[in-house]
Amino acid sequence: YFMKKMSILFSLALLAMSCTEKEASTTGNVSFKASSSLTSGKAKLTGKSSVSTIVLTDFKINIGSIELETDTDDDAFNNMPVFKDVKLVGPFLLDLLDPNKSLVQHITTLEVPNAKYEDIEFNFVKGLLEGDLKGKTYLINGTINGKKFAIWSDKEVELEIDFIDPTKDFIVNGNDINLNIKIKLNAIMDKLVLLSSQGLLVDTDADGIIEISTSNDDGNASIGEQIRKLIEEDSDLDDKD
């Protein structure tokens, strides 16, 4: 009797394992990361022209939300009840140039429904906590010929991004995916080197800091807008660190 009972239990266990193996997962884990995309590691934290030397020391951002937008033209997933956009609300505060942290910083990992996703939207929102990011969506600090500068905005920044390679699929089908949002500091550095060489970055109010913001600090609103657009337009997505 004992052997017969054990045989039945063993058969039931095998049946349960077989059913589990056949059941496909309806979700996958997506890990979100962020990094500053530089020429080689952190080598281009310094930019030079014949008349100026620019050094970047901080790049802080406050991510308010992350949204995965589903591809409504994908017939394979159109009839699934879980077919919908996925939105994750922060805030997530990052300093992408922190020397004590890795070049690629983990934001969060989220379990999402199986679907084909069209793109990802990141929103940078104003920081609410006390600190140098309060009231700002991002903050870039550094020096121009030894003089401090600060680039920031109090306007929301929206990044709607996809892979550089348009042929890449972003499909969650029971698998785990790593997504890395890369913000191109090279483009920002090149812009700053050019503007500085033209004598356009000045400390108008003589407070010791060249402020470049969308709020027109030091009269640099137009430059602040140019930097904000560079962040919005020159960012891309990768599935590698």
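Notes on the structure follow. (Residues numbered from 1 in each chain as written. Predicted model: local features only at pLDDT ≥ 70, side-chain atom pairs only at ≥ 80, totals over all residues. Heavy atoms only, no water.)

Regarding the overall build of the protein chain
Across its full length, the protein chain carries 3 helices and 13 strands. Taken across its 241 residues, the protein chain has 46% of its residues classed as buried. Across the protein chain, the fraction of contacts at a sequence separation of at least 24, relative to all contacts at a separation of at least 6, is 76%. Within the structure as shown, the protein chain displays about 12,800 Å² of accessible surface, and the carbon and sulfur contribution to it stands at 52%. (Helix = DSSP H or I, 4+ residues; strand = E, 2+ residues; numbered from the N terminus. Buried < 20%, exposed > 50% of the residue type's maximum accessible area, 1.4 Å probe, protein only. Contact = heavy atoms within 4.5 Å. Areas by Shrake-Rupley, 256 points an atom, 1.4 Å probe, with all protein chains shown as cover.)

Thoughts on helix α3 (residues 221-233)
Across its 13 residues, α3 extends 18 Å between first and last C-alpha, which sits within 8% of the 18 Å expected from 1.5 Å per residue. Burial in α3 covers these residues: Ala221, Ile223, Gly224, Glu225, Ile227, Arg228, Leu230 and Ile231. (Expected span 1.5 Å × (residues − 1).)

Some thoughts on the packing of aromatic side chains
All chains considered together, the criterion is met by 1 aromatic pair. Lys136 extends its terminal NZ or CZ atom over the ring of Trp152, reaching a point 4.9 Å from the ring centre. (Phe/Tyr/Trp six-rings, centres within 6.5 Å; stacked < 30°, edge-to-face > 60°. Lys NZ or Arg CZ within 6 Å of the ring centre and 35° of its normal.)

Things to note about the pattern of salt bridges
For the coordinates displayed, the defined rule picks out 6 salt bridges. With a closest N to O distance of 3.4 Å, Lys147 and Asp203 form a salt bridge. Taken as a pair, Lys147 in strand β8 (residues 147-153) and Asp203 in the loop between α2 (185-197) and β12 (209-213) lie far apart in primary sequence, 56 residues in all. The exposure class of Lys147 is partly exposed, given its relative accessible area of 32%. A salt bridge links Glu225 to Arg228; the nearest nitrogen and oxygen atoms lie 2.8 Å apart. Taken together, the positions of Glu225 and Arg228, both in helix α3 and 3 residues apart, correspond to about one turn of that helix. (Salt bridge = Lys/Arg side-chain N within 4 Å of Asp/Glu carboxyl O.)

Quick word on α2
For α2, spanning 13 residues, the distance from its first C-alpha to its last is 18 Å, which sits close to the expected 18 Å at 1.5 Å a residue. Along α2, the residues that are buried comprise Leu185, Asn186, Ile188, Met189, Leu192, Val193, Leu195 and Ser196. Immediately downstream of α2, the backbone of Gly199 shows phi near 70°, a positive value.

Section: the pairing of strand β13 (residues 235-238)
Each regular strand shows side chains that alternate between the opposite faces of the sheet. Burial of the side chains of β13 extends over both faces: Ser235 and Leu237 are buried on one face and Asp236 and Asp238 on the other. Across 4 bridges, the pairing between strand β11 (residues 177-184) and β13 is antiparallel. When the sheet's bridge partners are listed, Lys182 is paired in β13 with Asp236. (Pairing = 2+ DSSP bridges.)

Concerning the side chain of Asn180
Its location among the elements puts Asn180 in strand β11. A polar atom in the side chain of Asn180 sits 3.3 Å from the side chain of Ser35. (Polar contact = N/O pair within 3.5 Å; in protein donor to acceptor, adjacent residues only side chain to side chain.)

Let's talk about the packing of α2 against α3
Between α2 and α3, the shortest axis-to-axis distance is 10 Å and the interhelical angle comes to 160°. As summarised for this structure, α2 and α3 are arranged roughly antiparallel, according to the angle between their axes. Classified by chirality, the crossing of α3 by α2 is right-handed. Side by side, α2 and α3 meet where Ala187, Ile188, Lys191, Leu192 and Leu195 of the first sit next to Ile223, Gln226, Ile227, Leu230 and Ile231 of the second. (Axes fitted to C-alpha atoms, helices over the stretch in contact; angles between N-to-C directions. Parallel < 35°, antiparallel > 145°, perpendicular 65-115°, else oblique. Left-handed = near helix turned anticlockwise from the far one by under 90°.)

Some details on the nonpolar core
When a protein is soluble and globular, its nonpolar side chains tend to lie buried together. By size, the foremost hydrophobic cluster in this structure holds 51 residues, and its most contacted members are Phe32, Phe59, Phe122, Leu192 and Ile231. Not counting the four nearest positions on each side in its chain, Phe59 is found in contact with Leu94, Asp95, Leu96, Leu97, Tyr138, Leu139, Ile140, Ile183, Leu185 and Ile231. (Core = buried A, V, L, I, M, F, W, Y, C linked by side-chain atoms within 4.5 Å.)

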